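# Survey of secondary and tertiary structure
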Amino acid sequence: MYQIDKDKVKKIKEIVSKSKKILITGHTNPDGDAIGSALSLFHFFNKLDIETTVVMPDEITNSTSWLVGANSILINEDNKALVSKHVAEADVIFCVDFNEPKRLKSLKDAVVASKAVKVMIDHHPQPNDFVDFTFSDTNISSASEYVYYFLKEYNNNLIDKTIAECIFLGITTDTGCFNFSSATSPTFIAAAELLAYGVDKQKILSNTFDNYSENRMRLMGYVLQEKLVVMPEQKAAYIGITKEEFEKFDYQNGDHEYFVNLALSIKNVEVSALFLEMEESVRISLRSGSDFDVNVLARKYFKGGGHKKAAGGKLYMSLVDTISRFEKAIIASMNIKNN
Ligand code: 5GP
Ligand code: MN
């Protein structure tokens, strides 16, 4: 079982016990881990009768919107005045599943400027020091798994089925259903303990992964058939999706989730990329199925970051230019790797 820094948890307990308002926030385009870790903390502090609010920079997707408490999450893009008020009034701010303020997008300035005591619970490399307390460990599968260790140390007795389900969802989504190498022995121990709270594993899996539209399935078929490019020499593959294609398949937020992983199931493909053409920019998702570090690639070429095996970025250039940049980058990087 993971050994969390008990003194640090104790200090936070003391601060929270004197606090009136807690705010929890996560990264832009919040995924299952961001929402799972945020909502588990939310339910936990509610049980302590502390006014707690979850705010996210932008929309959440169908794969998490069914979680208990998801409907109370405030989205900054939709409700800037109210969110600013909550950020300004918070005594403690929990920052989950991100390592640097820029991942907060439109919420960045308000959170950084806030006088609240800030606590980071995260598993990305190179955590930024904008917080007062850092729980950061790249060996932990997910921020949600880390939150589980935090809550266990904080007050084990308060963990219940609802909290356990939020955590379980975060771990499940961030580990590709316990498939990625990030799912280690402690992760499985944590998962087993969470199941003992009565977590309905099948409900979580079907609500998360079997909750997409027919259009999304057809978009997936189309991109695999028409848009997948394999670079055998570089052991890489990518898919670029245009705005017109999104419109054709009536794209809903989150429909591209997991597309980037698909090409990794091709024999000898070790690096996979997905490019999404937005209004003025291109969103980039990168995945590695080997020891190739896509976090380095994302930082160097795509103004982004992430983990060794899953990273992303965003460029304000055309889709064609972004893809050409990727091709050059991967040729250069694979040459270095192979020499
Ligand atoms: P995804 O491809 O699912 O959007 O993101 C994969 C991983 O990369 C996540 O851990 C996410 O936090 C990180 N990531 C995605 N986009 C960015 C970005 O623009 N900047 C940074 N620093 N990390 C990113
Ligand atoms: Mn995560």
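Up top you'll find the structure we're talking about.
These remarks concern the structure in this document. Everything quoted here is computed from the prediction, not taken from an experiment.

Describing an aromatic ring pair means giving the distance of the ring centres and the angle of the ring planes. Evaluation of the coordinates by the stated rule reveals 21 aromatic pairs. Geometrically, the ring pair formed by Phe94 and Phe150 is edge-to-face, given 5.9 Å between the ring centres and 65° between the ring planes. With Phe94 in strand β4 (residues 92-96) and Phe150 in helix α6 (residues 143-155), this residue pair connects regions lying 56 residues apart in the sequence. What makes Phe94 buried here is its relative accessible area of 0%. The buried category is assigned to Phe150, whose relative accessible area is 0%. Centroid distance Phe275 to Phe326: 5.4 Å. Interplanar angle 70°. Geometry classified as edge-to-face. You can see Phe275 sitting in strand β9 (residues 271-277) and its partner Phe326 sitting in helix α14 (residues 319-338), a full 51 residues away along the chain. Taken together, Tyr2, Phe44, Phe45, Phe94, Phe135, Tyr146, Tyr148, Tyr149, Phe150 and Tyr154 form an aromatic cluster joined through their ring pairs.

In this section: a negative patch on the surface. A cluster of acidic side chains, namely Glu244, Glu247, Glu279 and Glu280, defines a negative patch on the protein surface. Looking at the element boundaries, Glu247 is found in helix α11 (residues 243-248). Glu247 sits in the exposed class, given a relative accessible area of 65%.

One number sums up the size of the second largest pocket: a volume of about 280 Å³. Contributing to the lining of the second largest pocket are Gly176, Cys177, Asn179, Phe180, Phe209, Tyr212, Arg216, Met217, Met220, Tyr258, Asn261 and Leu262. The set of elements that each furnish at least two residues to the lining of the second largest pocket consists of α10 (214-227) and α12 (259-262). When residues in the lining of the second largest pocket are grouped by element, the largest group, 3 residues, is from α10. In terms of residue class, the lining of the second largest pocket is built from 8 nonpolar, 3 polar and 1 charged. Three or more residues apiece are contributed to the lining of the second largest pocket by two domains, here domain 1 (6-209) and domain 2 (214-338).

Another point: unusual backbone geometry. A positive phi angle, close to 50°, is found at Lys105, a residue other than glycine. Exposure remark for Lys105: the relative accessible area of 39% places this residue in the partly exposed category. At Gln126, a residue that is not glycine, the phi angle is positive and equals roughly 55°. Tracing the backbone shows Gln126 in the loop between β5 (117-122) and β6 (133-136). You can call Gln126 partly exposed: its relative accessible area is 49%.

A separate point is the site of ligand 1. Neighbouring ligand 1 are 14 residues, the closest being Arg103, His124, Ser285, Arg287 and Ala311. Between Arg287 and ligand 1, the recorded distance is 2.9 Å, taken from a side-chain N or O atom to an oxygen atom. Taken by itself ligand 1 offers 490 Å² of open surface, and the protein chains cover 81% of this. Listed by contribution, the elements that provide at least two residues to the shell around ligand 1 are β10 (282-288), β11 (305-306) and β12 (310-315). Among the elements that take part in the shell around ligand 1, β12 stands out by supplying 4 residues, more than any other. Partitioned by chemical class, the residues of the shell around ligand 1 number 2 nonpolar, 8 polar and 4 charged. Per-domain counts for the shell around ligand 1 show at least three residues from each of domain 1 (6-209) and domain 2 (214-338).

Right, let's get into the environment of Val229. You can see Val229 is positioned in strand β7 (residues 229-231). Note on Val229: relative accessible area 30%, which makes it partly exposed. Along the primary structure Val229 and Ala263 are separated by 34 residues, whereas in three dimensions their C-alpha atoms are 9.3 Å apart.

Moving on, we get to the pattern of salt bridges. Applying the stated criterion across every chain yields a total of 9 salt bridges. A salt bridge links Lys47 to Asp160; the nearest nitrogen and oxygen atoms lie 2.8 Å apart. Taken together, the residues span a long stretch of sequence, with Lys47 in helix α2 (residues 32-47) and Asp160 in the loop between α6 and α7 (161-174) at a distance of 113 residues. With a shortest N-O distance of 2.8 Å, Lys152 and Glu193 are connected by a salt bridge. Residue Lys152 is found in helix α6, and its partner Glu193 is found in helix α8 (residues 185-195); the two are separated by 41 residues along the sequence. Among the residues examined, Lys152 registers a relative accessible area of 25% and is labelled partly exposed. On the basis of relative accessibility, which here comes to 26%, the residue Glu193 falls in the partly exposed class. Salt bridges here are not isolated pairs; linked through shared partners, they connect Lys21, Lys85 and Glu89.

Reading the values: the criteria
Residues numbered from 1 in each chain as written. Chains lettered and ligands numbered in written order. Predicted model: local features only at pLDDT ≥ 70, side-chain atom pairs only at ≥ 80, totals over all residues. Heavy atoms only, no water. Phe/Tyr/Trp six-rings, centres within 6.5 Å; stacked < 30°, edge-to-face > 60°. Helix = DSSP H or I, 4+ residues; strand = E, 2+ residues; numbered from the N terminus. Buried < 20%, exposed > 50% of the residue type's maximum accessible area, 1.4 Å probe, protein only. Patch = residues over 30% accessible without salt bridge, like charges linked within 9 Å, V, L, I, M, F, W, Y side chains within 5 Å. Areas by Shrake-Rupley, 256 points an atom, 1.4 Å probe, with all protein chains shown as cover. Salt bridge = Lys/Arg side-chain N within 4 Å of Asp/Glu carboxyl O. Lys, Arg positive; Asp, Glu negative; His and termini not counted. Charge placed at Lys NZ, Arg CZ, Asp CG, Glu CD. 1 Å grid on protein atoms, 1.4 Å probe; cavity = no way out; pocket = protein on both sides within 12 Å on 5 of 7 lines; lining within 4 Å. Points joined across faces, edges and corners; volume = space filled by probe spheres on them. Nonpolar A, V, L, I, M, F, W, Y, C, P; charged D, E, K, R; others polar. Domains from an automatic or database assignment. Near = heavy atom within 4 Å. Polar contact = N/O pair within 3.5 Å; in protein donor to acceptor, adjacent residues only side chain to side chain.

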